[in-house]
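# Coordinates in review
The lines below spell out each chain.
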Amino acid sequence: MSMVQAILLKNGRVIDPVNKLDKKASLLVEKGKIKAIFTARQKAPVLPKKLLSIDLQGKWIVPGLIDMHVHLREPGEEHKETIASGTRAAAAGGFTAVACMPNTIPVNDNQSVTRLILEKAETAFARVYPVGAISKGSQGKTLAEFGEMKQAGAVAVTDDGRPVMDSQLMRRALEYASNHKVLVISHSEDSSLSRYGAMNEGFISTSMGLRGIPHIAEEVMVYRDLALADYTGCHLHLAHISTGESVSLIRQAKKRGFPVTAETAPHYFTLTEEAVKDYNTNAKMNPPLRTRKDRAAIIEAIKDGTIDVIATDHAPHSVLEKDIEFDQAANGIIGLETSVPLALALFRKGHIDAFRLVELLSSNPARILGVGGGALGIGDAADIAVIDPEQRFILQEHDILSQSKNSPFIGSELQGKAVLTLCGGRITHNLL
Ligand SMILES: [Zn+2]
Ligand SMILES: [Zn+2]
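Residues numbered from 1 in each chain as written. Chains lettered and ligands numbered in written order. Predicted model: local features only at pLDDT ≥ 70, side-chain atom pairs only at ≥ 80, totals over all residues. Heavy atoms only, no water.

## Structural notes on the sheet that holds strand β10 (residues 156-157)
Whenever strands of a sheet pair, they do so through backbone hydrogen bonds, lying parallel or antiparallel. Read from one edge of the open sheet, eight strands run β7-β8-β9-β10-β11-β14-β15-β16, paired in parallel fashion. The strands lining the two open edges of the sheet, one partner per strand, are β7 (65-70) and β16 (309-310). Pairing of strand β15 (residues 260-264) with β16 involves two bridges; the strand directions are parallel. Across the sheet, the residue bridging to Glu-263 is Val-309, located in β16. (Pairing = 2+ DSSP bridges. Helix = DSSP H or I, 4+ residues; strand = E, 2+ residues; numbered from the N terminus.)

## Brief notes about the coordination of the zinc ion (ligand 2)
Taken together, the protein ligands of the zinc ion (ligand 2) are His-69 (NE2), His-71 (NE2), Asp-160 (OD) and Asp-313 (OD), with distances of 2.1 to 2.3 Å. Seen from the zinc ion (ligand 2), its four donor atoms lie at angles of 85 to 170 degrees, and the figure they make is irregular. Here the donor residues of the zinc ion (ligand 2) share one chain and are spaced in sequence as H-x1-H-x88-D-x152-D. The distance between the zinc ion (ligand 2) and the zinc ion (ligand 1) comes to 3.6 Å, and Asp-160 binds to both of them. Taken together, the residues Asp-160 in the loop between β10 and α4 (167-180) and Asp-313 in the loop between β16 and α11 (319-322) connect sequence positions 153 residues apart. Asp-313 shares its class with Asp-160; the two are buried. (Donors = N, O, S within 2.8 Å, 3.2 Å for Na, K, Ca; no water. Tetrahedral: all angles 85-135°; square planar, octahedral: opposite > 155°, others 65-115°. Buried < 20%, exposed > 50% of the residue type's maximum accessible area, 1.4 Å probe, protein only.)

## Thoughts on the layout of surface pockets
Gaps left between atoms show up when a probe the size of a water molecule is rolled over them. Its volume calculated, the largest pocket comes out at about 410 Å³. The wall of the largest pocket is formed by 26 residues, among which Asn-103, Gly-161, His-187, Asn-286 and Asn-331 lie closest to the centre. Elements that contribute at least two residues to the lining of the largest pocket include exactly α5 (191-194) and α9 (266-270). Here the lining of the largest pocket is composed, by residue class, of six nonpolar, twelve polar and eight charged. (1 Å grid on protein atoms, 1.4 Å probe; cavity = no way out; pocket = protein on both sides within 12 Å on 5 of 7 lines; lining within 4 Å. Points joined across faces, edges and corners; volume = space filled by probe spheres on them. Nonpolar A, V, L, I, M, F, W, Y, C, P; charged D, E, K, R; others polar.)

No statement about biological role is implied by the geometric values presented.
This is the structure:
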């Protein structure tokens, strides 16, 4: 990380859906803020004498990406990831902010854990927004102190990693959270339907001799949570949506004006259950990879706005949790360093335009979390990602900055890469 007083990002394609900006321009960063954006035809502002000037011909200049669903594993599981290593991976992926899930050890269900995370985040490579637990210890019994955690800096609550099975507790959580103006994020899974399952339930799980997780395990809970959001009138955000029927339910709910938003993860619009065919534990996750039909429905939902956000659900695990029998292996994959190329594939295939891409990865998560960023306004903090949409690379394990390497994309050729990241004007990642 280095701090330069002033940086000129020259001649890139500046894309900012919030300010309706998509043009070739230069962007001046001074004292950590966006000072000016100007085209070749416009009069350049007075440039400071000490200036780092970077030519960005052919590159995209976008608001710093914001990942609203990340597991940083600290405190408690530092052998998988730390706030330092996780945010370093984030910066390498073009992210300037991440929201970290509370299923640490101990669970982030009180102000002291929230404070600890924020203290460690002071020297991190990205902004860190702690998400507190809905219930004490995420045990699903009694509500945690939302007001206390919010005061300490939490931006949302969830029991992510597991569902809130008690519907009354979820109802109270929505009401209590809306009083304290914190967002409720639902990990939608009916664990009585998913229990013991290791992959999507269907022909492939049967032929592999693995117990399945049926798509209804997600949909039953999505339906319940949509009903609760409507009944209470409280905003609900649905995490990692993976099935076709889930998106139909969310689409209908949005049409009827329910206060809901939803996210999916890059693996759900990229891979299918076929990725687990060779018992590859790096393709094991929860919710599991689904069918081709589900994947097509997720892409459709990204196109039509049913899905608001692409979040990675970055879930680092060491070989201790992954190099074991498929049944026993931990769920989840890392995602911070592959989100940009996977999302860009949607753009290249013509599913979404550049504005929509930036909305999904930056502007919408900023708005939903109620945090800064997501735009390139004059005077805004200089949280910026520079993306080379053309660069091709083969993902190599030794290039991954996350402490864990559990990615099903290792060895794959990907296209599109974050080449420079600025967080508050500080260079947190630089390949130029
Ligand atoms: Zn989850
Ligand atoms: Zn998660």
